[in-house]
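An overview of the molecular structure
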Amino acid sequence: MGFEKGKITVRQAMFLVITVIFSPLVRIAPNFAAFHARQAAWVVPIASSVLFLIAIYILYGFAKEYDDKDFTQIMEQIFGKVVSRAISFMYLLWLVFLAALALRYYAERLLSTILPNVNIVVVLVPMYAVGWAVARKSTVTLARMNEVIIFIIAGTLALCALFAIPNINPDNLLPVSYLDIKPILSASLGIMGVWSYLPIIFLFLPIIKNKTDVKSSGVKAVCYLGLFSLISVGMAVGMLGNLILTLTPAPFFVAIKQVSVLGYIERLEALIISLWIVSDFVLLALLITLMGNITKRIFNLQEERPLASAYVFILFSLSLLMCRNVFEMQEFSRKIAVYIHFVLGVVVPFVVFVIGKIKNKAQSKMPKKSTAL
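Predicted, not measured: the structure shown is a model, and the values here were computed from it.

**Quick word on the overall build of the chain**
- Secondary structure summary: the chain contains 14 helices and zero strands in total.
- Each helix (α) and strand (β) of the chain, taken in turn from the N terminus, gives the series α-α-α-α-α-α-α-α-α-α-α-α-α-α.
- On C-alpha atoms alone, the chain measures out to a radius of gyration of 21 Å, which is about the 21 Å that the 2.2 N^0.38 rule sets for 373 residues.
- Once the C-alpha set of the chain is aligned to its principal axes, its extents read approximately 90 × 50 × 40 Å.
- Every one of the 373 residues in the chain was classed for burial, and the buried ones make up 53%.
- Expressed as a percentage of contacts within the chain between residues at least 6 apart in sequence, the contacts between residues at least 24 apart total 84%.
- Accessible surface, the chain as shown: approximately 17000 Å² in total, 67% of it carbon and sulfur.

**Structural notes on the packing of helix α1 (residues 10-37) against helix α14 (residues 326-365)**
- α14 packs onto α1 with a crossing angle of 85° between their chain directions and a minimal axis gap of 11 Å. It follows from the interaxial angle that α1 and α14 lie roughly perpendicular. Facing α1, whose interface residues are Ile-28, Asn-31, Phe-32, Phe-35 and His-36, α14 presents Gln-330, Ser-333, Arg-334, Val-338 and Tyr-339.
- Of the residues that constitute the contact of α1 with α14, the class distribution is five nonpolar, four polar and one charged.

**Focus: the packing of aromatic side chains**
- Tallied over the full model, the rule gives twelve aromatic pairs.
- Judged by centre distance (5.7 Å) and plane angle (70°), the rings of Phe-62 and Phe-71 are edge-to-face.
- Assessed through its relative accessible area of 2%, Phe-62 is described here as buried.
- Among the residues examined, Phe-71 registers a relative accessible area of 0% and is labelled buried.
- Residues Tyr-91 and Phe-204 carry aromatic rings whose centres are separated by 4.9 Å and whose planes lie at 55° to one another, so their mutual orientation is tilted. Of the two residues, Tyr-91 is situated in helix α4 (residues 81-113) and Phe-204 in helix α8 (residues 197-204); the sequence distance between them amounts to 113 residues.
- For Tyr-91, a relative accessible area of 1% gives the class buried.

**Remarks on the pattern of salt bridges**
- Within the structure shown, the criterion is met by five salt bridges.
- We note a salt bridge from Glu-108 to Arg-104, for which the minimum N-O separation is 2.9 Å. Taken as a pair, Glu-108 and Arg-104 lie in helix α4 at a separation of four residues, close to a single helical turn. The pair formed by Glu-108 and Arg-104 is uniform in burial state, with each residue classed as buried.
- Among the salt bridges present, the one from Glu-331 reaches Lys-335, with a minimum N-O distance of 2.9 Å. Taken together, the residues Glu-331 and Lys-335, both in helix α14 and four residues apart, mark about one turn of the helix.
- Through salt bridges that share partners, Glu-331, Arg-334 and Lys-335 make up one connected network.

**A few points about helix α3 (residues 71-79)**
- Turning to α3, its buried residues are Phe-71, Thr-72, Ile-74, Met-75 and Ile-78. What you see down the axis of α3 is that its buried residues fit within an arc of 160°, all on one side.
- Its side-chain oxygen 3.2 Å from the backbone nitrogen of Thr-72, Asp-70 forms the N-cap of α3.
- One or two positions beyond α3, positive phi appears at Gly-80, with a value near 100°.

**Describing the confidence of the model for the chain**
- The predicted model of the chain averages 85 in pLDDT, with 92% of residues at 70 or higher.
- For the chain, per-element mean pLDDT is lowest for helix α10 (residues 242-247), which scores 77, and highest for α8, which scores 94.

**Side note on the packing of helix α7 (residues 181-195) against α14**
- The contact between α7 and α14 brings their axes to 7 Å, and the two run at 65°. One way to sum up the angle between α7 and α14 is to call them roughly perpendicular. In the crossing of α7 with α14, the sense of the turn from one axis to the other is left-handed. Facing α7, whose interface residues are Leu-189, Gly-190, Met-192, Gly-193 and Val-194, α14 presents Val-338, Tyr-339, His-341 and Phe-342.
- Here the contact of α7 with α14 is composed, by residue class, of six nonpolar, three polar and no charged.

**Some remarks on the side chain of Ser-23**
- Turning to its location among the elements, Ser-23 is positioned in helix α1.
- The class of Ser-23 is buried, set by a relative accessible area of 0%.
- Of note is the side chain of Ser-23, whose polar atom sits 2.8 Å from the side chain of Asp-280.
- The contacts of Ser-23, once residues within four sequence positions are left out, are Arg-109, Trp-276, Ser-279 and Asp-280.

About the cut-offs
Every chain is numbered on its own, with residues counted from 1 as its sequence reads. Given that the model is predicted, a residue must reach a pLDDT of at least 70 before its local features are reported, and side-chain atom pairs must reach 80 or more before they are shown or counted; all residues, however, enter totals for whole chains, interfaces and linings. Computation of side-chain values: all heavy atoms of the structure, hydrogens and water removed. Helix and strand definitions follow DSSP, with helices as H or I runs of at least four residues and strands as E runs of at least two, each counted in order from the N terminus. Throughout, radius of gyration means the C-alpha value; the globule benchmark is 2.2 Å times the number of residues raised to the power 0.38. Exposed residues in this analysis have more than 50% of their type's maximum accessible area, buried residues have under 20%, and partly exposed residues fall in between, with area computed by a 1.4 Å probe over protein chains only. Throughout, a contact is declared for two residues whenever any of their heavy atoms are within 4.5 Å. Values of accessible area rely on a 1.4 Å probe in the Shrake-Rupley scheme; residue burial ignores everything except the protein chains shown. Throughout, an axis means a line fitted to C-alpha atoms (over the contacting stretch in the case of helices), and angles, computed between N-to-C directions, take values from 0 to 180 degrees. By the definition adopted for this analysis, an angle is roughly parallel if under 35 degrees, roughly antiparallel if over 145, roughly perpendicular if from 65 to 115, and oblique otherwise. All amino acids are sorted into three groups, where Ala, Val, Leu, Ile, Met, Phe, Trp, Tyr, Cys and Pro are nonpolar, Asp, Glu, Lys and Arg are charged, and the leftover types, Gly among them, are polar. Note on aromatic contacts: the rings of Phe and Tyr and the six-membered ring of Trp form a pair at centre separations within 6.5 Å, being stacked when their planes are under 30 degrees apart, edge-to-face when over 60 apart, and tilted otherwise. Salt bridge, as applied in this entry: a Lys or Arg side-chain nitrogen positioned within 4 Å of an Asp or Glu carboxyl oxygen. As used here, the arc belongs to the directions running from the helix axis to the C-beta atoms. Think of a polar contact as two N or O atoms within 3.5 Å of one another; within protein, one of them needs to be a possible hydrogen donor and the other a possible acceptor, and neighboring residues in sequence only count if both atoms come from side chains. Per-residue confidence from the predictor is reported as pLDDT, which spans 0 to 100. By convention, the crossing between two helices is left-handed when the near helix turns anticlockwise from the far helix through less than a right angle, and right-handed when the turn is clockwise.

The following block contains the structure:
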């Protein structure tokens with residue numbers, strides 16, 4: 001595979017997406033799917049995978065029509081500078097809030113599991129410091145490092161799923177009938193909301209080259225996301241039942257605590273927590289990078305790296321102020337955040353794509369001015 005200085009491939013970008021989504025996926029997906037679809041929750045990732053292919057088609061359409069331009073440039077070409085920058089600023093505000101929320105989740109998870117008597121500031125500062133350092137360097141380096149991380153995450157999930165099979169109660173997964181179609185579709189919106197990091201990262205990360213490759217790499221990424229979601233939701237529902245899932249703030253973590261390897265090795269949750277931390281680290285570094293790129297486009301700046309320092313201070317303050325406990329964050333994520341993320345990740349790009357198509361079609365039908373004397 002050839003490397004181009006300052007650029008990453010679509011495949012590397014999709015690997016980044018999968019790593020980024022791992023933490024919010026195992027945190028939100030089992031609870032959300034069980035809340036809406038009950039015992040049919042394990043079917044939700046399958047339905048989501050099919051529906052989310054629409055987003056891949058939209059991304060391919062953008063890449064084919066507008067080459068390697070980022071979303072701000074695309075909207076500027078369709079709507080003009082004012083509307084483009086207004087929408088981009090809306091994305092910027094959401095990414096700032098999302099990064100602060102994700103890091104507060106990270107801190108609360110550590111404080112509630114392995115560091116119960118530690119001040120939250122002690123937990124947050126190292127993560128922000130590392131995220132800031134990586135964001136100021138190169139996303140290319142992060143993408144190459146992530147090619148190793150993603151296989152560790154995939155292998156760990158596969159092993160957890162394998163050793164969880166004896167603990168799964170089939171009665172918790174059945175029955176599933178046509179009556180579950182509406183709840184499954186309703187739950188799919190939330191799962192696709194979590195997956196909406198994919199289009200946002202793809203559209204706002206300008207260092208991705210040959211974006212038309214998203215047609216193949218994007219479909220593969222959706223299949224992997226569907227499989228990862230199926231494992232996390234299926235394990236949690238099968239082992240705990242849908243009622244416990246709706247009441248537990250970290251159901252996947254509770255399910256993992258019941259898994260033992262060959263009856264001897266336990267405490268696999270420590271490994272999962274480590275992967276959560278790695279996923280949150282990649283998420284923070286990537287979100288800070290996206291914030292810098294969007295800010296650079298909005299204000300026509302020459303360099304975005306110095307912005308990393310400013311955003312770290314903003315995120316640190318916001319993460320301390322936003323919620324009182326993990327239950328409030330869970331309710332906000334389930335009832336509001338996943339839907340906002342879905343709208344910004346799928347609905348807005350779809351609307352922009354359709355309007356762009358209509359505008360291009362209208363312009364192609366306009367009579368050309370004659371140049372004859």
